[in-house]
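# Analysis of the macromolecular model
Here are the chains, one letter per residue:
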Amino acid sequence: MERPVEQLLLEYQDYILAYRLKRQVGGKLSPKNPKLTLPEYARMRLRRMELARKLVSTGMQAEEFSELDDLTDQMNYGFWYNPRYVSEFLHAVLFAGRDDTFVEEQGFLRLLSPTELQRLGTGTHDLYRKYSACFRLATPGVDPVVLERIYEIIEKSHVPLFIDELQ
């Protein structure tokens, strides 16, 4: 079982991988902002949590909704696990003809540095399995039983902390 700090670091790792993926695909999908450091990400995460709590408890003004959306986009928050985000991303990638970036395992692993690949060792296949399952969330009209199996793959995956930004 993951500890809360480890969960937050894994969330940051997800952010980094989504950021790299968007940067590698390029074009309209390129990140509009520089890559966040861990402290910057943590500050944004706290602000996003504050706004989300406010939304649920007391409601918010239009500018706060806009800020919440901007933070969500900038942090790639929920990018890998939200079928709508994944679907929109894949649609844009396929439209741009850039699916070679990640469809195959070796293409996806190009997102990693040599030291990250070394840290992961034989775990690279597990890493790809987890994120390719995330891409399958975007399958149109996916059967609920299949969707449940996809989430099972994602939840059972144990990807260690390995990105250079955390070393």
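See the structure printed just above.
Reference entry: report on the structure contained in this document. (Residues numbered from 1 in each chain as written. Predicted model: local features only at pLDDT ≥ 70, side-chain atom pairs only at ≥ 80, totals over all residues. Heavy atoms only, no water.)

### Quick notes on the pattern of salt bridges
The test is simple: Think of a salt bridge as a Lys or Arg side-chain nitrogen and an Asp or Glu carboxyl oxygen that are within 4 Å of each other. Each helix is a run of DSSP H or I of at least 4 residues and each strand a run of E of at least 2, with the numbering of both proceeding from the N terminus. Any residue under 20% of the maximum accessible area for its type is buried, any over 50% is exposed, and the rest in between are partly exposed; the area is computed with a 1.4 Å probe on protein chains only.
Within this structure, the stated rule accounts for ten salt bridges. Across the salt bridge formed by R45 and E11, the nearest N and O atoms sit 2.6 Å from each other. One end of the pair, R45, is in helix 2 (residues 38-57); the other, E11, is in helix 1 (residues 4-25), with 34 residues separating them in the sequence. With its nearest N and O atoms 2.9 Å apart, the salt bridge here joins E165 to R20. Of the two residues, E165 sits in the segment after helix 8 (144-156) while R20 sits in helix 1, which places them 145 residues apart along the sequence. Residue E165 is classed as partly exposed on the basis of its relative accessible area of 26%. Given the relative accessible area of 7%, R20 is considered buried. Overlapping salt bridges bring together R20, K35, E116 and E165 as one network.

### Observations concerning the layout of surface pockets
The condition that has to hold: Put simply, the grid is 1 Å and covers the protein atoms alone, a cavity is a trapped set of points that fit a 1.4 Å probe, a pocket is an open set with protein on both sides within 12 Å along at least five of seven lines, and lining residues have an atom within 4 Å of a point. Grid points are joined across faces, edges and corners, and a volume is the space filled by probe spheres set on the points. When residue character is reported, Ala, Val, Leu, Ile, Met, Phe, Trp, Tyr, Cys and Pro are called nonpolar, Asp, Glu, Lys and Arg charged, and the others, Gly included, polar.
Each pocket or cavity is described by its volume, and for the largest pocket that value is around 670 Å³. Along the wall of the largest pocket there are 23 residues; nearest its centre are K22, K32, D73, Q74 and N76. In terms of residue count, helix 3 (residues 62-74) provides more of the lining of the largest pocket than any other element does, five residues in total. A breakdown of the residues in the lining of the largest pocket according to their chemical character gives nine nonpolar, five polar and nine charged. When its volume is computed, the second largest pocket comes out at roughly 470 Å³. Taken together, 21 residues line the second largest pocket, and the ones lying closest to its centre are Q7, E11, D14, Y81 and K130.

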